[in-house]
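What the coordinates show
Chain by chain, the residues:
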Amino acid sequence: MGALLRWAAGAATTIVAITIFVTTGTPAFADSATSTVSAADTAWMIVATAFVLMMTIPGLALFYSGMVRKKNVLATMAQSLAAVAVISILWVAFGYSLAFTGDGPWLGSPGRMFLAGMSMDAVNPAAKTIPEALFMLYQMTFAIITVALVAGSVADRMRFSAYLLFSVGWFIFVYIPLAHWVWGGGFLGAAGVQDFAGGLVVHLSAGVGGLVAAKVLGSRHGYGSDNLSPYDLSLAVMGTGLLWVGWFGFNGGSALAANSRAVMAIIATHLAACAGALTWAAIEWATRRKPSVLGMISGAVAGLGTITPASGFVTPLQGIIIGIVAGLICYWACTSLKHRFRYDDSLDVFGVHGIGGLTGTLLLGVFATSSIGGVPGLLEGNPRQLLLQLYGVAVTLLWSGAVTYGLLKLVGAFVALRVSRENELEGLDISQHGEALQ
């Protein structure tokens, strides 16, 4: 406890120092070019921002909580809610500045800490037709859901205090660098790696982080022997619906304008989700004689995650193909691969989001259509793009995996990562929050 208090005191001192630095004359982030804010683009991006926030609360909260046991429903929801609250403040404090301002290959500049110097007329060079404040807010929602996704791998067993500390560290040392490297002018984007809406930055990073976390914390008590079936799949279905609609803002909004590319991204997204759901259901129908509701929603989310990096680069037909591939490979990852290596990824974050993000990133390199995204892929005679996508995958895998492992060991030195056996059997709702469903 003493070590934790010293850590908290040090963190508080750092925040105070940053605040003093910001309020005493931080240089403003200069606009790189004369820009005209578009009312249409601004209106669409406000809607897209609301859609993406809806993906975490209530979308992901319902999706995840519907797949855990009754005694852990509230604790699972609390993790999504906490991610919204914590990451939002950290994003404004320093996350946005370090990810999306400046042009350093490794990290951005401190010029926008606590949004210093951000006037109402300011724009970010990455989005010249909407206010910079709106661009900041939109990117905030991406950071929120990425951190929240990781929690699904360690559902039913991670202490809430450990989750909070880990989420802060993961946001700082995994999400911010990756967002800058790919989207903020960093070395991956400069090299030509493409990621339209988060195959690398969101899905692969969260999936790998979740896999490492699941391995470090160990399996749930009773995994492989007890009945760990979902409490209420109707909650998960409702969560899937909110995620599905929210993904229109996630992928369509990544065009950063109300234009034809946003529409094409939304069409590809919807068709990929449909194809993923049907493919997963067909596999279960063929192998188990019954298509499960859990399988259909898993296939839909797999299609959504897999199309994400490619959504602004491919045709609707290619979106269907990517959805079919997503259903096939993510089903394999959540069954055969998971059983082969015996890891307890509670809600299949790695199998759906990690494998889906990896697959979609590589398929972008195959299917990218220059008439849609301005970048040709393998099928248009540009095999180099596929190699660049593979490079991005390798960097994301190594960085997210290594840093996640180090962070968990560091957090574990201050607080226990998982609840006691007695608390786990009792349920996290009671042991962590003093509440329970009746």
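These numbers come from a predicted model, not from an experiment.

1. Notes on the overall build of the protein
Within the protein, the secondary structure is distributed over 16 helices and zero strands. For 438 residues, the compact-globule formula gives about 22 Å, and the C-alpha radius of gyration of the protein, at 21 Å, lands near that figure. In terms of its C-alpha atoms, the protein occupies a principal-axis envelope of roughly 65 × 55 × 35 Å. Per-residue burial over the protein gives 56% buried out of 438 residues.

2. Quick look at the pattern of salt bridges
Across all of its chains, the model carries eight salt bridges by this definition. Its salt-bridge partner being Arg112, residue Glu132 comes within 2.8 Å of it at the nearest N-O pair. Taken together, the residues span a long stretch of sequence, with Glu132 in helix H4 (residues 132-150) and Arg112 in the loop between helix H3 (73-100) and H4 at a distance of 20 residues. This pair shows no difference in class: Glu132 is buried, exactly as Arg112 is. The partner of Asp344 in a salt bridge is Arg220, and the shortest N-O contact between them spans 2.8 Å. Placement of Asp344 in the loop between helix H11 (316-341) and helix H12 (349-367) and of Arg220 in the loop between helix H7 (199-217) and helix H8 (233-252) is noted, with a sequence separation of 124 residues between them.

3. A word on the environment of Phe250
Summarising the element assignment, Phe250 is placed in helix H8. The spatial distance from the C-alpha of Phe250 to the C-alpha of Gly102 is 24 Å, given a sequence separation of 148 residues. If we ignore the near neighbours within four places in the chain, the residues touching Phe250 are Val52, Met55, Tyr138, Phe142, Ile145, Ala197, Val202, His203 and Thr308.

4. Concerning the side chain of Glu132
Taking relative accessible area as the criterion, Glu132 reaches 0% and is therefore assigned buried. Of note is the side chain of Glu132, whose polar atom sits 2.8 Å from the side chain of Arg112.

5. Re the side chain of Thr269
Residue position: Thr269 is located in helix H9 (residues 260-288). Here Thr269 is in contact with Trp247, Asn251, Leu304, Ile307 and Ser311, once residues within four sequence places are set aside.

6. Looking at unusual backbone geometry
Ile57 connects to Pro58 through a cis peptide bond whose omega is 10 degrees. With respect to the secondary-structure elements, Pro58 resides in helix H2 (residues 39-65). Despite not being glycine, Phe114 has its phi angle at roughly 55 degrees, a positive value. Within the fold, Phe114 resides in the loop between H3 and H4. The class of Phe114 is partly exposed, set by a relative accessible area of 35%. Despite not being glycine, Arg289 shows a phi value in the positive range, around 75 degrees. Along the chain, Arg289 turns up in the loop between H9 and helix H10 (293-307).

7. Thoughts on the packing of aromatic side chains
This model, assessed by the stated rule, comprises 22 aromatic pairs. Geometrically, the ring pair formed by Phe100 and Phe135 is edge-to-face, given 5.3 Å between the ring centres and 85 degrees between the ring planes. With Phe100 in helix H3 and Phe135 in helix H4, this pair connects stretches of sequence that are 35 residues apart. Across the pair, exposure class does not vary: Phe100 and Phe135 are buried alike. A ring pair is formed by Phe171 and Tyr175, whose centres lie 6.4 Å apart and whose planes are at 10 degrees; its orientation type is stacked. With Phe171 and Tyr175 both in helix H5 (residues 160-183) and four residues apart, this pair spans about one turn of that helix. The burial state of Phe171 is the same as that of Tyr175; both residues are buried. Cluster of aromatic residues (ring-pair linked, three or more members): Trp91, Phe94, Tyr96, Phe100, Phe135, Phe171 and Tyr175. Here the basic side chain of Arg261 rests over the ring of Phe313, its NZ or CZ set 4.9 Å away from the ring centre. For the cation-ring pair, Arg340 lies above Phe341, with the distance from its terminal atom to the ring centre recorded as 5.1 Å.

8. Brief notes about the packing of H5 against H7
Two elements in contact, H5 and H7, have axes separated by 10 Å at closest approach and are oriented at 145 degrees. Taken as a pair, H5 and H7 cross one another with a handedness that is right-handed. Here Trp170, Val174, Tyr175, Leu178, Ala179, Val182 and Trp183 of H5 come into contact with H7, specifically with Leu200, Val201, Val202, Ser205, Ala206 and Gly209. In terms of residue class, the contact of H5 with H7 is built from 11 nonpolar, two polar and no charged.

9. A few points about the packing of H9 against H11
In a pair of packed helices, the angle between the axes and the distance between the axes together describe the arrangement. Following both chains from N to C, one finds H9 and H11 inclined at 40 degrees, their axes separated by 7 Å at the closest point. Between H9 and H11, the crossing angle belongs to the class labelled oblique. For H9 against H11, the interelement crossing comes out right-handed. Its residues placed into classes, the contact of H9 with H11 shows 15 nonpolar, seven polar and two charged.

10. Some details on H2
For H2, spanning 27 residues, the distance from its first C-alpha to its last is 38 Å, which sits close to the expected 39 Å at 1.5 Å a residue. Where H2 bends most, the angle comes to about 40 degrees, and this point is Gly59. Residue Ser38 occupies the N-cap position of H2, its side-chain oxygen lying 3.3 Å from the main-chain nitrogen of Ala40.

11. Points about the state of the cysteines
Scanning all chains against the criterion turns up zero disulfides. No disulfide involves Cys330; its sulfur sits 6.4 Å from the nearest other cysteine sulfur, which is in Cys334. The buried category is assigned to Cys330, whose relative accessible area is 0%.

12. With respect to the nonpolar core
In this structure, Phe63, Trp91, Phe171, Tyr175 and Phe250 are the most contacted members of the largest nonpolar core, which totals 121 residues. Setting aside residues up to four positions removed in sequence, Tyr175 forms contacts with Trp91, Gln139, Phe142, Ala143, Thr146, Trp170, Trp183 and Val201.

Thresholds applied
Residues numbered from 1 in each chain as written. Predicted model: local features only at pLDDT ≥ 70, side-chain atom pairs only at ≥ 80, totals over all residues. Heavy atoms only, no water. Helix = DSSP H or I, 4+ residues; strand = E, 2+ residues; numbered from the N terminus. Rg over C-alpha atoms; globule rule 2.2 N^0.38 Å. Buried < 20%, exposed > 50% of the residue type's maximum accessible area, 1.4 Å probe, protein only. Salt bridge = Lys/Arg side-chain N within 4 Å of Asp/Glu carboxyl O. Contact = heavy atoms within 4.5 Å. Polar contact = N/O pair within 3.5 Å; in protein donor to acceptor, adjacent residues only side chain to side chain. Phe/Tyr/Trp six-rings, centres within 6.5 Å; stacked < 30°, edge-to-face > 60°. Lys NZ or Arg CZ within 6 Å of the ring centre and 35° of its normal. Axes fitted to C-alpha atoms, helices over the stretch in contact; angles between N-to-C directions. Left-handed = near helix turned anticlockwise from the far one by under 90°. Nonpolar A, V, L, I, M, F, W, Y, C, P; charged D, E, K, R; others polar. Parallel < 35°, antiparallel > 145°, perpendicular 65-115°, else oblique. Expected span 1.5 Å × (residues − 1). Bend = angle between axes of the 7 residues up to and from the residue. Disulfide = S-S within 2.5 Å. Core = buried A, V, L, I, M, F, W, Y, C linked by side-chain atoms within 4.5 Å.

The analysis is restricted to geometry; functional conclusions fall outside its scope.
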